[in-house]
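Chain residues, written in single-letter form:
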Number of protein chains: 2
Amino acid sequence: MDTENVHCCGSFSERANLDKWIERLQSTGMKLTAPRQAILEYLHNQSHPITNREIYNGISNDCDLASVYRSISLFIKIGFVQQFDFGDGIARFELVEPGSHSHHHHIICNVCSKVIELDHCFPDSLSETIAKHTGFTQITHKLEFFGLCSNCK
Amino acid sequence: MDTENVHCCGSFSERANLDKWIERLQSTGMKLTAPRQAILEYLHNQSHPITNREIYNGISNDCDLASVYRSISLFIKIGFVQQFDFGDGIARFELVEPGSHSHHHHIICNVCSKVIELDHCFPDSLSETIAKHTGFTQITHKLEFFGLCSNCK
DNA sequence: TTTTAATTGCGAATGCTTTGTAATATGCAT
DNA sequence: ATGCATATTACAAAGCATTCGCAATTAAAA
């Protein structure tokens, strides 16, 4: 069993981890509101990137959808959340554990949308290595670079 | 001067290349319509991936925007066009030269959106190599994998 | 030329995301 | 504790890329 994806609701360590996020939020000077707490808690319980609507559904009537969008934008701006693009036009988000090796990728099934986190970055020995690690086949990937060009730096 | 990006309107070779695309379209059994010719011609004159709206504006009143979307979808389905995602929620498209090394990537300036084609795939020796080749700095990249998981294959 | 089916134009609708605004709640100072 | 100033929210509406339905048109074959 893959214990990485187990999240026991209410366990001491999980609660402590969530409290750290709340402390971090307060230390930024931003207000600690009920929607932001609910969103942080929900994000914290996920093991894969999730959409704004999934967050909204997950915390149901605790908060408006527009507030989810605004909170997530804030979390991205202060470095709490990382955005992923799975190519379907819906943004997905994940908490960034501070100090951890946050740079990672995913492989998504074209049929069932199953997501597997790739612990390491395999940019070179691409298809074969990933196929062996995950059991996926017909592997493709999207790769784009961003930066500052010589005129703009 | 980088002659790869020079496109002389009406030159013999350019016209011959465009005619090849038209012949290829006819050979698929699809109808050769005015909008499809205009879109192929416009795509053919570009050196970077372009959006549906850019195509629509480029051929102005020759064709409806919805028809651009439909034609591009067709071109993707028959392998004429490749789609790129620069992370801004707008799909971009490029003609795929048959038999060529079509797999490539781009680097996009975060400030001015300048696009540079990367002739080769540098998935491993990432930032330094690209920085040397392009003069870009603060390089980041987005990479996601797609495929069929073991349950779906 | 006639026929037939693919394709277009037009308008409306969809779905994700953003924005305007009045009401509300937070954090701070008193 | 209480009141204040301001950030934040809920709600509604708008924005934008994209898709769809359908009648009118057009390309390709007979």
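Shown above is the structure to which this text applies.
First, a word on scope: everything that follows refers to the structure included in this document. (Residues numbered from 1 in each chain as written. Chains lettered and ligands numbered in written order. Predicted model: local features only at pLDDT ≥ 70, side-chain atom pairs only at ≥ 80, totals over all residues. Heavy atoms only, no water.)

### Observations concerning the overall build of chain A
On a plain count of helices and strands, chain A comes out with five helices and six strands. The order of helices and strands in chain A, counted from the N terminus, is α-α-β-α-α-β-β-β-β-α-β. A total of 153 residues make up chain A; the buried ones form 37% of that total. Expressed as a percentage of contacts within chain A between residues at least 6 apart in sequence, the contacts between residues at least 24 apart total 41%. Summing over all exposed atoms, chain A offers an accessible surface of approximately 8,600 Å²; the carbon and sulfur share of this is 50%. (Helix = DSSP H or I, 4+ residues; strand = E, 2+ residues; numbered from the N terminus. Buried < 20%, exposed > 50% of the residue type's maximum accessible area, 1.4 Å probe, protein only. Contact = heavy atoms within 4.5 Å. Areas by Shrake-Rupley, 256 points an atom, 1.4 Å probe, with all protein chains shown as cover.)

### Overview of the side chain of asparagine 52 of chain A
Residue and element names in this part refer to chain A. Checked against the element boundaries, asparagine 52 lands in helix α3 (residues 52-58). Taking the relative accessible area as the measure of exposure, asparagine 52 reaches 5% and is therefore buried. Apart from residues no more than four positions distant in its own chain, asparagine 52 is found in contact with Leu65, Val68, Tyr69, Ile72, Ala91 and Phe93.

### Observations concerning the sheet that holds strand β3 (residues 91-95) of chain B
All names here are of chain B. If you walk across this open sheet you meet the three strands as β1-β3-β2, and the pairing is antiparallel. The open sheet is flanked by β1 (50-51) and β2 (81-85), the only strands paired with a single partner. Bridge count for β1 against β3 is two bridges, and the pairing is antiparallel. Across the sheet, residue isoleucine 50 finds its bridge partner in β3, namely phenylalanine 93. Sitting on the sheet, helix α2 (residues 34-44) touches β1, β2 and β3, and the angle it makes with β3 is about 85°. (Pairing = 2+ DSSP bridges. Axes fitted to C-alpha atoms, helices over the stretch in contact; angles between N-to-C directions.)

### Some words on the sheet that holds strand β3 (residues 91-95) of chain A
Residue and element names in this part refer to chain A. If you walk across this open sheet you meet the three strands as β1-β3-β2, and the pairing is antiparallel. Sheet topology places β1 (50-51) and β2 (81-85) at the edges, where each strand pairs with a single neighbour. Both β2 and β3 contribute to a ladder of five bridges, which runs antiparallel. Residue pairing across strands places valine 81 opposite leucine 95, the latter belonging to β3. Packing against the sheet, helix α2 (residues 34-44) makes contact with β1, β2 and β3, and its axis sits at approximately 85° to β3.

### Some words on the packing of α2 of chain B against helix α4 (residues 65-77) of chain B
Angle between the axes and distance between the axes are the two parameters that describe a pair of packed helices. Residues and elements named next belong to chain B. The interhelical angle for the contact between α2 and α4, taken along N-to-C directions, is 70°, at an axis separation of 10 Å. On the basis of the axis angle, α2 is roughly perpendicular to α4. Every residue of α4 that contacts α2 at Arg36, Ile39, Leu40 and Leu43 is listed here: Ser67, Val68, Ser71, Ile72, Leu74 and Phe75. For the contact of α2 with α4, the class distribution of residues is seven nonpolar, two polar and one charged. (Parallel < 35°, antiparallel > 145°, perpendicular 65-115°, else oblique. Nonpolar A, V, L, I, M, F, W, Y, C, P; charged D, E, K, R; others polar.)

### Overview of the environment of isoleucine 50 of chain A
All names here are of chain A. Looking at the element boundaries, isoleucine 50 is found in strand β1. Taking the C-alpha atoms as reference points, isoleucine 50 and alanine 38, separated by twelve residues in sequence, lie 14 Å from one another. If we ignore the near neighbours within four places in the chain, the residues touching isoleucine 50 are Tyr42, Leu43, Ile55, Ala91, Arg92 and Phe93.

### A closer look at the protein's contact with DNA strand D
Lining the immediate environment of DNA strand D, one finds 21 residues, of which Arg36, Asp64, Ser67 and Arg70 of chain A together with Tyr69 of chain B sit closest. Backbone atoms, meaning sugar plus phosphate, form 71% of the atoms of DNA strand D positioned within 4 Å of the protein. Within the side chain of lysine 31 of chain A, one N or O atom sits 3.2 Å away from a base oxygen of DNA strand D. Between DNA strand D and arginine 70 of chain A, the relevant distance is 2.9 Å, taken from a base nitrogen to a side-chain nitrogen or oxygen of the residue. Mapped onto the surface near DNA strand D, the elements with two or more residues apiece are α2 and α4 (65-77) of chain A together with α4 of chain B. (Near = heavy atom within 4 Å. Polar contact = N/O pair within 3.5 Å; in protein donor to acceptor, adjacent residues only side chain to side chain.)

### A word on the protein's contact with DNA strand C
Near DNA strand C lie 22 residues; those nearest to it are Lys31 and Tyr69 of chain A together with Arg36, Asp64 and Ser67 of chain B. Near the protein, within 4 Å, the atoms of DNA strand C are sugar or phosphate in 66% of cases. Lysine 31 of chain B has a polar backbone atom sitting 3.4 Å from a phosphate oxygen of DNA strand C. Contributing elements (two or more residues each) for the surface near DNA strand C: α4 of chain A together with α2 and α4 of chain B.

### Observations regarding the environment of proline 49 of chain A
Residues and elements named next belong to chain A. You can see proline 49 is positioned in the loop between α2 and β1. Exposure remark for proline 49: the relative accessible area of 6% places this residue in the buried category. If near-sequence neighbours (up to four positions away) are discounted, proline 49 is found in contact with Glu54, Phe84, Phe86, Arg92, Phe93, Glu94, His106, Val115 and Glu117.

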